[in-house]
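# Coordinates in review
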Amino acid sequence: MTGTLVAKGLAGGYAHRTLFESLDLTVAPGDVIGVVGANGAGKSTLLNLLAGLAEPQAGTISLSPADAFVGTLPQEHERVLGETIAGYIARRTGCAEATLEMDAAASALSDTQPRADGRDPADTYSTALDRWLASGAADLDERLPIVLADLGLALGTTLTADSLMTALSGGQAARVGLAALLLSRFDIVLLDEPTNDLDLDGLERLEAFVRALRGGIVLVSHDREFLARCVTRVLELDLAQGANRVFGGGYESYLEERETARRHIRENYDEFAAKKADLVGRARTQREWSSQGVRNAMKKAPDNDKIRRKASAESSEKQAQKVRQMESRIARLDEVDEPRKEWQLEFTIGSAPRSSAVVATLSNAEFHQGDFVLGPLSLQVNGGERIGITGPNGAGKSTLLRALLGRQKADAGSAHLGPSVSIGEIDQARALLAGTRPLAESFELLVPALSPAEVRTLLAKFGLKADHVNRPVDELSPGERTRAGLALLQARGVNLLVLDEPTNHLDLAAIEQLEQALDSYEGTLLLVTHDRRMLANVNTDRHWQVDAGQVTEL
């Protein structure tokens, strides 16, 4: 079964703030709709409304048929304490809920008391059974190990269906989340940043799934290549203009059409503003002429000539009439609102004095992480080099970064970090800024040279204003924490920049700004990313491929 979702006049936000309104959207079978907009524009809010997880401020959402399955993949893979891989997947696929409904309906069959709603328990059970079968719960246990093994998570002695989600790495959790999606049998799928933490193989599998799905999909993604390959339409939430619009065609078509539309809006306003300024100027001139004529007449001696007095009066009246006509033309102009300037992240990476010629070296070094071994490796990072690092999840990329930065002791061989190295980092977990302290206080502790006022001014440049800086860091969204990390890079002087999946949770405009900042950065760069367009856009001198604990120079 496939379904159609229709939203009409939808408004959403939080507290008393409305992020979007008057939104109309139809999601039919085969649609792949990409939702784009700045961080905070309401993309995740929209998905929650479509999923029925929150109530809209206005408008309606309807499903046809009414019992169509709607499934959602949230932005962060929630780690529920005590939840196993099997339990997580059963919950995410809707199988767990369908099973509970069927069990409750089965129990009601033996209840001899009539139901308050008058429904026949047999009909209720039949409906619940149909939903349980449609969810795929009947054979989920058989399909689960096959899909996990295909994703490189073969169940065995160290990893079983009963392994806790909280014990998995970020990459493993991402693959389990992808497995839940592949195992689901939803009619309409809602995906919030599904590409986060996925390696290139995972991205290809995700794209194949999206392209093959017969039902409708609404997705939020910062991955430009993923959007270009998959979406059929684009919904833009324009926070600056307080507007929303659906663009037909794919992502590249959207970029061209959006640029054309914005140019037309600006041209229309400029034309209106120029015409209004011209009319206002002419009206001002007519008023000045009229006033000058009155003043001149008052200075002259009284004129007893009736004809001349009449001519003077008529001239003054004509001038006044011209002023009224000009003011009437101004009033009849169709008002065109000036396009509000969209907030744009603009930043540079603070530079420190040059580091030593050799930044880091590994000599026959091995690093053990549980059963995993990275190495033996002999590598050297020289000052000013720009190195792109790729590889599948679990291959050892994060361990390699810890090794090069001197944060993990070598179990064999040697590792050395050069002198005068000032490290700036955005790690995959965004762990540098975390905890229950307010953002401003946490930031001040990391940059004590800045005054509280300077800290707030800097954070405001990154879109983190009064309602952000006083909130605990852990309550900020992933995108907001990432922008705070970028602000930290600007505040500190660095000559070794380490970026581990920096595009995760950033909006598209911020990613482009980051790429521009990297262009002008002159220090050493270690860039770990699976963002294919970033790999193409950022200049690198070397490319390391990490796989199974070994590093290959490509």
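Residues numbered from 1 in each chain as written. Predicted model: local features only at pLDDT ≥ 70, side-chain atom pairs only at ≥ 80, totals over all residues. Heavy atoms only, no water.

Per an unreviewed UniProt entry, the recorded name for the protein chain is ABC-F family ATP-binding cassette domain-containing protein, and the organism is Cryobacterium luteum.

### Topic: the sheet that holds strand β14 (residues 423-426)
Pairing within the open sheet is mixed, and its 6 strands lie in the order β14-β15-β16-β12-β17-β18. For this open sheet the edge positions go to β14 and β18 (550-553), each flanked by a neighbour on one side alone. Sheet twist, expressed as the mean angle between neighbouring strand axes with direction ignored, is 15°. Of the pairings in the sheet, the one linking strand β12 (residues 386-390) to strand β16 (residues 524-528) comprises 4 bridges and is parallel in character. Pairing of R386 across the sheet is with L525, part of β16. In the packing of helix α15 (residues 478-491) onto the sheet, contacts are made with β14 and β15 (496-500), and the angle to β14 comes to roughly 170°. (Pairing = 2+ DSSP bridges. Helix = DSSP H or I, 4+ residues; strand = E, 2+ residues; numbered from the N terminus. Axes fitted to C-alpha atoms, helices over the stretch in contact; angles between N-to-C directions. Contact = heavy atoms within 4.5 Å.)

### With respect to the sheet that holds strand β6 (residues 188-192)
The strand order β5-β6-β7-β3-β8-β9 describes an open sheet built from 6 strands, whose pairing is mixed. Either end of the sheet is taken by a strand with one partner, and the two such strands are β5 (70-73) and β9 (243-248). Adjacent strand axes in the sheet meet at a mean angle of 15° when their direction is disregarded. With 4 bridges connecting them, strand β3 (residues 32-36) and strand β7 (residues 216-220) associate as parallel partners.

### Observations concerning the nonpolar core
In globular proteins that are soluble, nonpolar side chains generally tend to be buried together. Ranked by internal contacts, the top residues of the largest apolar core, which has 51 residues, are I85, I89, V176, L191, V210 and L219. The greatest single-element share of this core, amounting to 8 residues, is contributed by helix α6 (residues 170-183). There are two domains that each give this core at least three residues, and those are domain 1 (1-68 + 186-248) and domain 2 (78-184). Excluding its chain neighbours within four sequence positions, the residues that come into contact with I89 are L140, L144, L148, V176, A179, A180 and L183. Listed in part, the 35 residues of the second largest apolar core include F347, I349, L439 and L527. (Core = buried A, V, L, I, M, F, W, Y, C linked by side-chain atoms within 4.5 Å. Buried < 20%, exposed > 50% of the residue type's maximum accessible area, 1.4 Å probe, protein only. Domains from an automatic or database assignment.)

### Some remarks on the domain arrangement of the protein chain
Segmenting the protein chain into domains produces domain 1 (1-68 + 186-248), domain 2 (78-184), domain 3 (257-329) and domain 4 (356-551). The distance between the C-alpha centroids of domain 1 and domain 4 comes to 30 Å. With 21 residues of domain 1 in contact, the opposing surface of domain 4 contributes 22 residues. Each partner contributes to the roughly 1800 Å² buried at the junction of domain 1 and domain 4, and carbon and sulfur atoms together form 43% of this total. In this structure, the salt-bridge partner of E207 is R532, at a minimum N-O distance of 2.8 Å. Put simply, domain 1 and domain 4 have 8 residue pairs in polar contact (both at pLDDT 80 or more) between them. Going through the elements one at a time, α7 (200-212) and α8 (224-230) are the ones with two or more residues in the side of domain 1 that touches domain 4. Per-element tally for the side of domain 1 that touches domain 4: the top contributor is α8, with 6 residues. Split into classes, the residues belonging to the side of domain 1 that touches domain 4 amount to 9 nonpolar, 5 polar and 7 charged. (Buried area = accessible area lost by both parts, 1.4 Å probe. Salt bridge = Lys/Arg side-chain N within 4 Å of Asp/Glu carboxyl O. Polar contact = N/O pair within 3.5 Å; in protein donor to acceptor, adjacent residues only side chain to side chain. Nonpolar A, V, L, I, M, F, W, Y, C, P; charged D, E, K, R; others polar.)

### Section: the pairing of β7
Along β7, 5 of the 5 residues are buried, which leaves the element largely enclosed by surrounding structure. A two-sided burial pattern is seen for β7, the buried positions comprising G216, V218 and V220 on one face and I217 and L219 on the other. Bridge analysis of β6 against β7 gives 5 bridges, and the strand direction is parallel. Across the sheet, the residue bridging to L190 is V218, located in β7. Once the chain exits β6 it traverses α7 before rejoining the sheet at β7, and the crossover so formed is right-handed. (Right-handed = clockwise from strand over helix to strand, strands pointing away.)

### Observations regarding the packing of helix α12 (residues 439-446) against helix α13 (residues 452-461)
A pair of packed helices can be characterised by two numbers: the angle between their axes and the separation between those axes. Two elements in contact, α12 and α13, have axes separated by 10 Å at closest approach and are oriented at 110°. Between α12 and α13, the crossing angle belongs to the class labelled roughly perpendicular. The way α12 lies across α13 gives a crossing that is right-handed. Side by side, α12 and α13 meet where L439, A440, F443 and E444 of the first sit next to P452, V455, R456, L458 and L459 of the second. Of the residues belonging to the contact of α12 with α13, the class tally is 7 nonpolar, no polar and 2 charged. (Parallel < 35°, antiparallel > 145°, perpendicular 65-115°, else oblique. Left-handed = near helix turned anticlockwise from the far one by under 90°.)

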